[in-house]
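Spelled out from the first residue to the last, the chains are:
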Amino acid sequence: MGRPHRTELYHDVPSACWPIVYSPDYNITFMGLEKLHPFDAGKWGKVINFLKEEKLIADDLIVQAREATEEDLLVVHTRRYLNKLKWSFVVATITEVPPLFFLPNFFVQRKVLKPLRTQTGGTIMAGKLAIDRGWAINVGGGFHHCSSDKGGGFCAYADITLAVKFLFERVEGVSKATIIDLDAHQGNGHERDFMDDQRVYIMDVYNRYIYPGDGFAKRAIKRKVELDGGTEDTEYLQKVQTHVEGTLNESRPDIIIYNAGTDILDGDPLGGLAISPQGIVKRDEIVFMAARSRRIPILMVTSGGYQKRTARIIADSILNLHNLRLIDNELATRGAENPKVPACSGSLHAVMRVLCPLSACSRNSRASLWTDLPMPLCRQTNNYIYYMLLLPPLQKGCGQMWHSWR
Ligand SMILES: [Zn+2]
């Protein structure tokens, strides 16, 4: 195998920054179509807003996620699969948003796949940060149904596999990884990717009766905990505790990837389990406690769970980890009192965007007709035409289709 390709995802991060990775580009918004989906497609931004309200972090102390490039994605994905995403109907199937079927692919790329690629870049970046700092949280990511050549269940890129492979290829001393997957669904994507890879130990706790029920992928799970529908806190937390301890005693990895899906929450329309908000906070605490007590670096991604109250619970859990000193960043705290600390990246762009509307033309721009930032007339007109021409028939037709599809 040749030398790894050049990537922008492993750049040095100022020590003042918290190893919390996020970008406003994570959030999916376009013409109100996202409201046709049962997901809260803006949960990632809400988590960050809650953390800012609680004064845990400030914009300049967050590590700005970068979009994974095609070359980055090719570390895991086949070119055939990436080419398939150039068809809107394929993306519509993978993300389970039928109306995307009717939209031009450049639009689907910009409004749906770019956010997912940015979250994927975020997971890869957080992998390196976890090694450097002992822990890292990507506020998005956790697309555990996607493997190298197949997407599904809202997962278009295999961010977990990518993060692990980047570490194996680029960071000396990282040769064993453990994936602890506690989303309500089975993580068949990374399981298929690491099927015969002895370097990766997979523990998966999931509802046995729901999607994806991938029998082949289950063969990759070293520690499988299948739950019945309606499982509650006491049984759940006891199983998590026992099996996380067992997993780490057995596997002794150089890095833990923790897929912290919150669709285990009581009332989740997809997860079918009955865990309370406090149960989720406790679960994350158990995993971080086990990792930190053994001094194993841990990378957390937020994965599934898109109820309206989900963002608050994720923020509460991160605050709890901080209160218990399971995550901390003394340098960052000192930096927060000192406005002269170097920005973590991206903030120059943000300033430029406000000062100079034309800078919204730049490739990194996230300005649009529906955000608060100004943008060039050409693109405004462009968006306006789409809005006027496409929205009324789409809302009518797709609304009906959506209802019959459900
Ligand atoms: Zn899930």
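About the thresholds
- Here the residue index of a chain counts from 1 through its sequence in written order.
- Owing to the predicted nature of the model, reporting of local features is limited to residues with pLDDT of at least 70; listing and counting of side-chain atom pairs is limited to 80 or more, with chain, interface and lining totals taken over all residues.
- Secondary structure elements follow DSSP: runs of H or I of four or more residues count as helices, runs of E of two or more count as strands, with numbering from the N terminus.
- Partly exposed residues are those falling between the two cut-offs: more than 12 but fewer than 20 other C-beta atoms within 10 Å of their own, whereas 20 or more means buried and 12 or fewer means exposed, with C-beta atoms placed from the backbone.
- Placing a C-beta atom from the backbone of each residue, one calls two residues in contact when those atoms lie within 7 Å.
- The convention used is that axes are lines fitted to C-alpha atoms, helices contributing only their stretch in contact, and that angles between N-to-C directions extend from 0 to 180 degrees.
- Note on terminology: angles under 35 degrees are roughly parallel, angles over 145 are roughly antiparallel, angles of 65 to 115 are roughly perpendicular, and the others are oblique.
- Should the near helix be turned counterclockwise from the far one by less than a right angle, the crossing is left-handed, whereas a clockwise turn marks it as right-handed.
- Residue classes follow a fixed rule: Ala, Val, Leu, Ile, Met, Phe, Trp, Tyr, Cys and Pro count as nonpolar, while Asp, Glu, Lys and Arg count as charged, and any other residue, Gly among them, counts as polar.
- Any nonpolar core is a set of buried residues, restricted to Ala, Val, Leu, Ile, Met, Phe, Trp, Tyr and Cys, that join up through C-beta atoms within 7 Å.
- Should DSSP find at least two bridges between two strands, the strands are taken to pair.
- Orient the strands so they point away from the viewer; a crossover is then right-handed if the path from the first strand over the helix to the second runs clockwise.
- pLDDT expresses, on a scale from 0 to 100, how confident the predictor is about each individual residue.
- The arc under discussion is defined with respect to the helix axis, by the directions toward the C-beta atoms.

## Re the overall build of the protein
- On a plain count of helices and strands, the protein comes out with 14 helices and 8 strands.
- When burial is assessed residue by residue, the protein has 46% of its 406 residues classed as buried.
- Of the contacts made within the protein by residues no fewer than 6 positions apart, 72% connect residues no fewer than 24 positions apart.

## Overview of the packing of helix H5 (residues 105-133) against helix H6 (residues 159-170)
- The interhelical angle for the contact between H5 and H6, taken along N-to-C directions, is 40°, at an axis separation of 9 Å. What the angle tells us is that H5 and H6 run oblique. Crossing geometry of H5 relative to H6 is assigned as right-handed. The segment H5 lies against H6, with Gln119, Thr120, Thr123, Ile124, Gly127 and Ile131 engaging Asp159, Ile160, Leu162, Ala163, Phe166 and Leu167.
- Residues belonging to the contact of H5 with H6 are distributed by class as follows: 7 nonpolar, 4 polar and 1 charged.

## Focus: the environment of Lys218
- Within the secondary structure, Lys218 sits in helix H8 (residues 215-218).
- The class for Lys218 is partly exposed, based on 16 C-beta atoms found within 10 Å.

## Notes on the packing of helix H1 (residues 43-53) against helix H11 (residues 310-323)
- Packing of H1 against H11 brings their axes to within 8 Å, and their N-to-C directions diverge by 45°. Between H1 and H11, the angle is such that the two are oblique. Relative to H11, the crossing made by H1 is right-handed. In this structure, H1 contributes Lys43, Lys46, Val47, Phe50 and Leu51 to the contact, and H11 contributes Thr310, Ala311, Arg312, Ile314, Ala315 and Ile318.
- For the contact of H1 with H11, the residue count by class is 7 nonpolar, 1 polar and 3 charged.

## Structural notes on unusual backbone geometry
- Pro212 follows Tyr211 through a cis peptide bond whose omega is 0°.
- With respect to the helices and strands, the residue Pro212 is situated in the loop between strand E5 (200-207) and H8.
- The backbone of Glu96 shows a phi angle near 60°, a positive value even though the residue is not glycine.
- The topology assignment puts Glu96 in the loop between helix H4 (88-95) and H5.
- Judged by the 14 C-beta atoms lying within 10 Å of it, Glu96 is partly exposed.

## A few points about the nonpolar core
- One finds Val21, Ala156, Ile257 and Leu299 to be the most contacted residues of the largest nonpolar core, which totals 103 residues.
- At 9 residues, H5 tops the list of elements feeding residues into this core.
- The residues contacting Val21, other than those within four sequence positions of it, are Val63, Ala65, Gly122, Met125, Ala126, Leu129, Ala136, Asn138 and Val139.

## Looking at the pairing of E5
- Counting buried residues along E5, 8 of its 8 residues qualify, which places the element largely inside the surrounding structure.
- Of the pairings in the sheet, the one linking strand E4 (residues 177-181) to E5 comprises 5 bridges and is parallel in character. Bridged to Thr178 within E5 is Tyr201.
- For the segment spanning E4, helix H7 (residues 188-193) and E5, crossover handedness is right-handed.

## Structural notes on the confidence of the model for the protein
- Per-residue confidence for the protein gives a mean pLDDT of 84, with 79% of residues at or over 70.
- Low confidence marks residues 331-342, where pLDDT is under 50. Its contacts with residues over four positions away, or in another chain, come to 14 contacts.
- Taken as a whole, residues 346-392 scores under 50 in pLDDT and shows 36 contacts with residues more than four places along the chain or in a different chain.

## Brief notes about the sheet that holds strand E8 (residues 298-301)
- The strand order E2-E1-E3-E8-E7-E4-E5-E6 describes an open sheet built from 8 strands, whose pairing is parallel. The strands lining the two open edges of the sheet, one partner per strand, are strand E2 (63-64) and strand E6 (223-227).
- Strand direction decides the pairing type here: strand E1 (residues 20-22) and E2, joined by 2 bridges, are parallel. Bridging from a neighbouring strand, Val21 pairs with Val63 of E2.
- Sheet contacts for H5: E1, E2, strand E3 (135-138), strand E7 (255-259) and E8; angle to E3, the most-contacted strand, approximately 165°.

## Structural notes on H1
- Considered for burial, the residues of H1 that qualify are Lys43, Trp44, Val47, Ile48 and Leu51. In a view along the axis of H1, the buried residues occupy a sector of 145°, so they form one face of it.
- For H1, the secondary structure elements touched by its buried residues are E1 and H11.
- Looking one or two residues beyond H1, the residue adopting positive phi is Lys55, at roughly 65°.

## Quick look at the environment of Arg66
- Here Arg66 lies in the loop between E2 and helix H2 (70-73).
- C-alpha separation for the pair Arg66 and Arg117, spaced 51 residues apart in sequence, amounts to 8.5 Å.
- Once residues lying within four places of it in the same chain are set aside, the contact partners of Arg66 are Glu8, Leu9, Gly121 and Met125.

## Concerning the pairing of E7
- Across the 5 residues of E7, 5 count as buried, placing the element largely inside the fold.
- Neither face of E7 is left uncovered, since the one carrying Ile255, Ile257 and Asn259 and the one carrying Ile256 and Tyr258 both have all their residues buried.
- With 4 bridges joining them, E7 and E8 adopt parallel strand pairing. Opposite Asn259, over in E8, you have Val301 as the bridge partner.

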